[in-house]
Amino acid sequence: MPTLHVVLGDQLSHSLPLFDAVGTSDRVLLMEVAAEATHVPHHPKKLVLVFSAMRHFAAELEGRGFNVDYIELDTPASRGSFSDTLAGYLAASDADAIRVTHPSEYRVLTEIEGWSDAFGLPVDILPDPRFVVSPGEFATWAEGRKQLVMEQFYRKVRQQTGLLIDDGKPTGGKWNYDKDNRKPPRGKLDFPAPFHVAPDPVTKTCIGLVRERFANHFGDIDPFWFAVTAADAERAAEHFFEHALALFGDYQDAMLNDESFLYHSVLSQYLNLGLLDPLALCREAERRYRAGQAPLNAVEGFIRQIIGWREFVRGVYWLQMPEYSERNFLRASTPLPAAYWGGETDMACVAGAVRQTREHAYSHHIQRLMVTGNLALLLGVAPEEIHRWYLAVYADAYEWVEMPNTLGMATFADGGVIGTKPYAASGSYINKMSDYCSGCRYDVKQREGDSACPFNYLYWDFLIRHEERLGSNRRMSLIYAQLRKMDDTRRKGIERDARRFRRTLEASSG
């Protein structure tokens, strides 16, 4: 009797062990279902990317000789969820077992774990090998540690993979060159555009489908230029290595209002779909360094994002779920402001980051952390609301990577599982690393009053509100010592400015 091999939409890798076990009478099934497109209102560009990449991948599997069944969204066979769609499929199938690769999201795993009872068939969940460190290996590393420190984990993975290791020591004598990667975007810089792929007929069909079915979702569908095959994703990677890697490190924290991509790779959406192999990317970056084509600070920074941070947050996700999703250490409850969905705001940095997000389903990590994330942290936005926003609006967002970044790094909702202190900041950092402030109606150098940058007084208001919870944090001792010297008049002025700004947000959201 045949086995049914189910492939999920972010598992588009021909190297999956699942394909090694497909027999001549077995079938491979891919499903487009409404529940996955709408459990958050995904950006139209992400929906086009996933649907088109799935359809191209199915065609590639057929070309390799597999028996493939593909259920498109706008057909009667697509019944809303994976489970309902699979139930309809199995009713007309003679499959006696199901095999699937471990999903990337906990809620999907929970659904799959119910299939055996629901369908009366054995369900084999295979490990996902597209990461350097398995969840089990991460749990072993984490066991007994008082604090999970990404830098310690990163060094372990560097040694394990041999990346940028010479004679057992880090290349160049240091593990981390992050201090060399914080140049502001000053002077004449020539930014290469990311690699663009013109939509083919399959992609055009998906664009039409998404335009018709999901017109109410936040985000621009045009122009669509993402790669939708592994071959084109590889070309996008080569384009980055050739044209942007050398300066990626220097300017990876920089932000510009009229430049969305700078020297960033814009490859994470392909990595998270399975179209690119993370370790292969890192080895190619290392090769470029050793060939003298890119400096060490750029290559180390790129590698750290992939085998350090990306692997680390996935490990935390699977180690901590499902309790992790409920974390709200700071008891934040403010509704998400309308500005995040494109509503009017006079904050140029927020408007700029949201505009780039709407246009491209993309903004880089500093915009996410220090602009939209920082504002959500300082305002005390409910973690569930900001989490769902990040999950909805970015093409690379899947819960395993997005949730720890949001609840841990951006909002400190996890209380210190990922970061040892909140990434709270005033407007000075944004002013240093961007051109946003020069075109803003608020004055970044003014600390209080209606014309002051809201980040300036919101920062101190945040510290005042959370002094009981954060005042003993060792890494925040100096700033709280400064706060405690502040007189009551200044404190009351900060709190008054913060209340006024919140009323402005509420009025614009009404």
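Definitions and cut-offs
Residues numbered from 1 in each chain as written. Predicted model: local features only at pLDDT ≥ 70, side-chain atom pairs only at ≥ 80, totals over all residues. Heavy atoms only, no water. Helix = DSSP H or I, 4+ residues; strand = E, 2+ residues; numbered from the N terminus. Rg over C-alpha atoms; globule rule 2.2 N^0.38 Å. Buried < 20%, exposed > 50% of the residue type's maximum accessible area, 1.4 Å probe, protein only. Contact = heavy atoms within 4.5 Å. Lys, Arg positive; Asp, Glu negative; His and termini not counted. Charge placed at Lys NZ, Arg CZ, Asp CG, Glu CD. Pairing = 2+ DSSP bridges. Axes fitted to C-alpha atoms, helices over the stretch in contact; angles between N-to-C directions. Phe/Tyr/Trp six-rings, centres within 6.5 Å; stacked < 30°, edge-to-face > 60°. Lys NZ or Arg CZ within 6 Å of the ring centre and 35° of its normal. Salt bridge = Lys/Arg side-chain N within 4 Å of Asp/Glu carboxyl O. Patch = residues over 30% accessible without salt bridge, like charges linked within 9 Å, V, L, I, M, F, W, Y side chains within 5 Å. Areas by Shrake-Rupley, 256 points an atom, 1.4 Å probe, with all protein chains shown as cover. Arc of directions from axis to C-beta. 1 Å grid on protein atoms, 1.4 Å probe; cavity = no way out; pocket = protein on both sides within 12 Å on 5 of 7 lines; lining within 4 Å. Points joined across faces, edges and corners; volume = space filled by probe spheres on them. Nonpolar A, V, L, I, M, F, W, Y, C, P; charged D, E, K, R; others polar. Parallel < 35°, antiparallel > 145°, perpendicular 65-115°, else oblique. Core = buried A, V, L, I, M, F, W, Y, C linked by side-chain atoms within 4.5 Å.

Engineer: How would you summarise the overall build of the chain if you had to cite specific residues and measurements?
Structural biologist: Scanning the chain from N- to C-terminus turns up 22 helices and seven strands. For 510 residues, the compact-globule estimate of 2.2 N^0.38 gives 24 Å, and the chain sits close to it at 24 Å. Per-residue burial over the chain gives 58% buried out of 510 residues. The contacts of the chain with a sequence gap of at least 6 include a subset with a gap of at least 24, amounting to 76%. Placing the 57 positive and 67 negative side-chain charges of the chain at their respective mean positions leaves the two points 9 Å apart.

Engineer: Would you mind going over the sheet that holds strand β2 (residues 27-31) in detail, with residue names and values included?
Structural biologist: Taken together, the five strands give an open sheet; going across it, the order is β3-β2-β1-β4-β5, and neighbouring strands pair in parallel fashion. Looking along the sheet, the strands with just one partner apiece sit at the ends: β3 (68-71) and β5 (123-126). Looking at each pair of strands side by side, their axes are set apart by 25° on average, direction ignored. The pairing of strand β1 (residues 3-7) with strand β4 (residues 97-101) spans four bridges and is classified as parallel. Bridging across to β4, His5 finds its partner in Arg99.

Engineer: Could you give an account of the packing of aromatic side chains, naming the residues involved and the relevant values?
Structural biologist: Scanning the model with the defined rule gives 34 aromatic pairs in all. Note on Phe191 and Tyr263: the rings are 4.9 Å apart at their centroids and 55° apart in plane angle, and the pair reads as tilted. Remark: Tyr263 occurs in the loop between α10 (245-248) and α11 (268-273) and Phe191 occurs in the loop between β7 (169-170) and α8 (201-213); sequence separation between them is 72 residues. With respect to class, Phe191 is no different from Tyr263; both count as buried. Residues Trp389 and Tyr394 carry aromatic rings whose centres are separated by 5.9 Å and whose planes lie at 85° to one another, so their mutual orientation is edge-to-face. An aromatic cluster is built from Phe218, Tyr340, Trp341, Trp389, Tyr390 and Tyr394, whose rings are joined through pairwise contacts. The cationic tip of Lys46 hangs over the ring face of Tyr398; the distance from NZ or CZ to the ring centre is 4.1 Å. Looking at Arg314, its charged tip hangs above the ring of Phe131, at a distance of 3.8 Å from the centre.

Engineer: Describe the pattern of salt bridges, and please don't skip the residues or the numbers.
Structural biologist: A side chain of one charge can pair with a side chain of the opposite charge if their charged atoms are brought near each other. Following the criterion strictly, the structure yields 32 salt bridges and no others. Here Arg155 ties to Glu151 by a salt bridge, and the two come within 3.2 Å at their closest N and O atoms. Separated by four residues within a single helix, Arg155 and Glu151 lie in helix α7 (residues 150-161), roughly one turn from each other. Classification of Arg155 as partly exposed rests on a relative accessible area of 35%. For Arg500, the salt bridge identified is with Asp450, shortest N-O distance 3.6 Å.

Engineer: Explain a negative patch on the surface to me, and be specific about the residues and the numbers.
Structural biologist: Together, Glu323, Glu326, Glu384 and Glu385 line one region of the surface with negative charge. Mapped onto the fold, Glu385 is located in helix α16 (residues 383-393). Accessibility expressed as a relative area gives 34% for Glu385, which makes it partly exposed.

Engineer: Please set out helix α21 (residues 477-484) residue by residue, giving values where relevant.
Structural biologist: Turning to α21, its buried residues number three or more, namely Ile479, Tyr480 and Leu483. Axial view of α21: buried residues confined to an arc of 95°, hence all on one face.

Engineer: Lay out empty space enclosed by the protein with the relevant residues and their values.
Structural biologist: Overall, the coordinates contain six cavities of 30 Å³ or more when judged by the stated rule. In this structure, the largest cavity spans a volume of roughly 350 Å³. For the largest cavity, the lining is made up of 22 residues, of which Gly9, Glu36, Val50, Phe82 and Tyr398 are closest to its centre. Of all elements in the fold, only α1 (34-38), α2 (44-63) and α4 (106-113) reach the threshold of two or more residues within the lining of the largest cavity. For the lining of the largest cavity, a count of residues per class yields 12 nonpolar, four polar and six charged. Taken as a whole, the second largest cavity spans an internal volume of roughly 100 Å³. Taken together, 13 residues make up the lining of the second largest cavity; nearest its centre are Cys349, Cys437, Cys440, Cys453 and Phe455. For the lining of the second largest cavity, the secondary structure elements donating two or more residues are α14 (348-360), α18 (427-433) and α19 (454-465). The class makeup of the residues in the lining of the second largest cavity is 12 nonpolar, one polar and no charged.

Engineer: Explain the environment of His365 to me, using residue names and the numbers behind them.
Structural biologist: Structurally, His365 is set in helix α15 (residues 365-379). Here His365 falls in the partly exposed class, since its relative accessible area comes to 31%. Separated by 84 residues in the primary sequence, His365 and Leu281 place their C-alpha atoms 19 Å from one another.

Engineer: Summarise the packing of helix α6 (residues 135-142) against helix α13 (residues 296-320); cite the residues concerned and give the values.
Structural biologist: Two numbers describe how α6 lies on α13: the axes approach to 9 Å, and their chain directions differ by 85°. In terms of their interaxial angle, α6 and α13 are classed as roughly perpendicular. Note on element contacts: α13 touches α6 through Phe312, Arg314, Gly315, Val316, Trp318 and Leu319, opposite Pro135, Phe138, Ala139, Trp141 and Ala142. Within the contact of α6 with α13, the residues separate by chemical class into nine nonpolar, one polar and one charged.

Engineer: Could you give an account of unusual backbone geometry, with specific residues and numbers?
Structural biologist: Note that the residue after Asp222, namely Pro223, is joined by a cis bond; omega there is -10°. Mapped onto the secondary structure, Pro223 falls in the loop between α8 and α9 (230-243). The peptide bond linking Met321 to Pro322 adopts the cis configuration, its omega dihedral lying at 5°. With respect to the helices, strands and loops of the structure, Pro322 is situated in the loop between α13 and α14. Phi at Asp167 takes a positive value of approximately 55°, unusual for a residue other than glycine. With respect to the helices, strands and loops of the structure, Asp167 is situated in the loop between β6 (165-166) and β7. Phi is positive for Phe412, close to 55°, though the residue is something other than glycine. Inspection of the secondary structure assignment puts Phe412 in the loop between α17 (399-410) and α18.

Engineer: Could you give an account of the nonpolar core, with specific residues and numbers?
Structural biologist: Ranked by size, the top nonpolar core spans 163 residues in total, and within it Leu30, Tyr270 and Phe312 carry the most contacts. At 12 residues, the largest contribution of residues to this core is made by α13. Other than its neighbours up to four places away in sequence, Phe312 contacts Phe138, Trp141, Leu148, Val149, Met150, Phe153 and Ile418. Within the second largest apolar cluster, 19 residues are counted, among which are Met31, Tyr89, Val108 and Leu121.

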